[in-house]
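Listed below, chain by chain, are the residues.
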Amino acid sequence: MSTYAIGDVQGCAKTFSTLLETLQFNPSKDRLWLAGDLVNRGPNSLSVLTYIYDNRAAIDIVLGNHDLHLLAVASGAVESRPDDTIDDILNASDKEKLLHWLRQQPLFHKKEGYAMVHAGLLPSWDLSTVQRLSAEIETILKSDSYAELFLNMKGNEPARWNDNLTSWSRYRFIINALTRMRSCITADEIDLTYKGLYENIPRNSHAWFDLPMKMSPEITLIFGHWSALGLYQKANVICLDSGCIWGGPLTAYCLETQQITQVANQDM
């Protein structure tokens, strides 16, 4: 049995299929970890989501910002954007089944010495804290009031974490940290404005993983989201977003062997 973690697929179905063939992935004995942003921007989001759903017994995912955006659009909380490519899902005959399943998925996943999140962990959060906070969001997503969450999800404020935050301000911060964050001002304050290269981070900011972290050093954290960072490994963090949606490769990491596998983009 092998476990393969894969970065942001974003609807690039041909590239995703090619990578699985290269890995010789067998859902009857292997597992996939998918680091969020399964859909949107690529040409075939429906095929990607359908494959994941059909093989869900062998796949662990975390939700990314594009996955949450899909759910928000489907709920009627927000309108589709001009560059969205999610109409194939929204018009699918089985969309209710697919989206209901997607809404049940977590924002954080951990097993043994590995954990996975879409964007990152606030440096001041330890493992038990992030598990508790992600569970708060997951509980709402699974409830009948999920659409209200989407109505209040958008925005960059508050930027600083305080455990006394309540209601939508609290939930918005948790979602932003786990699904949108790239850099931080301090261990408690995120900067959601920067999307560029690692080496060009503004002086007053830091890559979130460069600040002293409370997460146990015995855990290796897998994440995506930061395509300008690309494939990146440092100590106990691994970024697997190698910019497939922008014409880059799609990347997989084998948890058992630490081997990296990449395939060229087949969808652009």
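Data block above holds the structure.
Structure report, in brief. It should be emphasised that the depicted structure is a prediction, and the values quoted were computed from it without experimental measurement. (Residues numbered from 1 in each chain as written. Predicted model: local features only at pLDDT ≥ 70, side-chain atom pairs only at ≥ 80, totals over all residues. Heavy atoms only, no water.)

Quick notes on the sheet that holds strand β4 (residues 108–111)
Note the cut-off: Pairing between two strands requires that DSSP report at least two bridges joining them. Numbering goes from the N terminus for both helices and strands, where a helix is a DSSP run of H or I of at least four residues and a strand is a run of E of at least two. Geometry is summarised by axes, namely lines fitted to C-alpha atoms with helices restricted to the contacting stretch, and by angles between N-to-C directions that run from 0 to 180 degrees.
Ordered in space as β4-β5-β9-β11-β10, the five strands form an open sheet in which the pairing is mixed. In the strand order of this sheet, the two ends are held by β4 and β10 (232–234), each with one partner. Here the average twist between neighbouring strands, direction ignored, is 15 degrees. Two strands pair when backbone bridges link them, and strand β9 (residues 220–223) and strand β11 (residues 237–239) are joined in this way by three bridges, in the parallel orientation.

Some words on unusual backbone geometry
With an omega dihedral of 0 degrees, the bond running from glutamate 157 to proline 158 counts as a cis peptide bond. Mapped onto the fold, proline 158 is located in the loop between α7 (146–151) and α8 (167–179). If you check the backbone angles, glutamine 24 has positive phi at about 55 degrees while not being a glycine. Locating glutamine 24 in the fold gives a position in the loop between α1 (13–23) and β2 (31–34).

Focus on the packing of helix α6 (residues 127–141) against α8
Worth spelling out the cut-off: Working definition: roughly parallel below 35 degrees, roughly antiparallel above 145 degrees, roughly perpendicular at 65 to 115 degrees, and oblique for all remaining angles. Crossing handedness: left-handed means the near helix sits turned counterclockwise from the far one by under a right angle, and right-handed means the same turn made clockwise. Here, residues are in contact when the closest pair of their heavy atoms is within 4.5 Å. By the convention adopted, Pro, Cys, Tyr, Trp, Phe, Met, Ile, Leu, Val and Ala count as nonpolar, Lys, Arg, Asp and Glu as charged, and the other residues, Gly among them, as polar.
α8 packs onto α6 with a crossing angle of 115 degrees between their chain directions and a minimal axis gap of 10 Å. Put simply, α6 runs roughly perpendicular to α8. Between α6 and α8 lies a crossing whose hand is left-handed. From α6, Val130, Arg132, Leu133, Ser134, Glu136, Ile137 and Ile140 reach across to α8, where they touch Arg170, Tyr171, Ile174, Ile175 and Leu178. Looking at the contact of α6 with α8 residue by residue, the class counts come to eight nonpolar, one polar and three charged.

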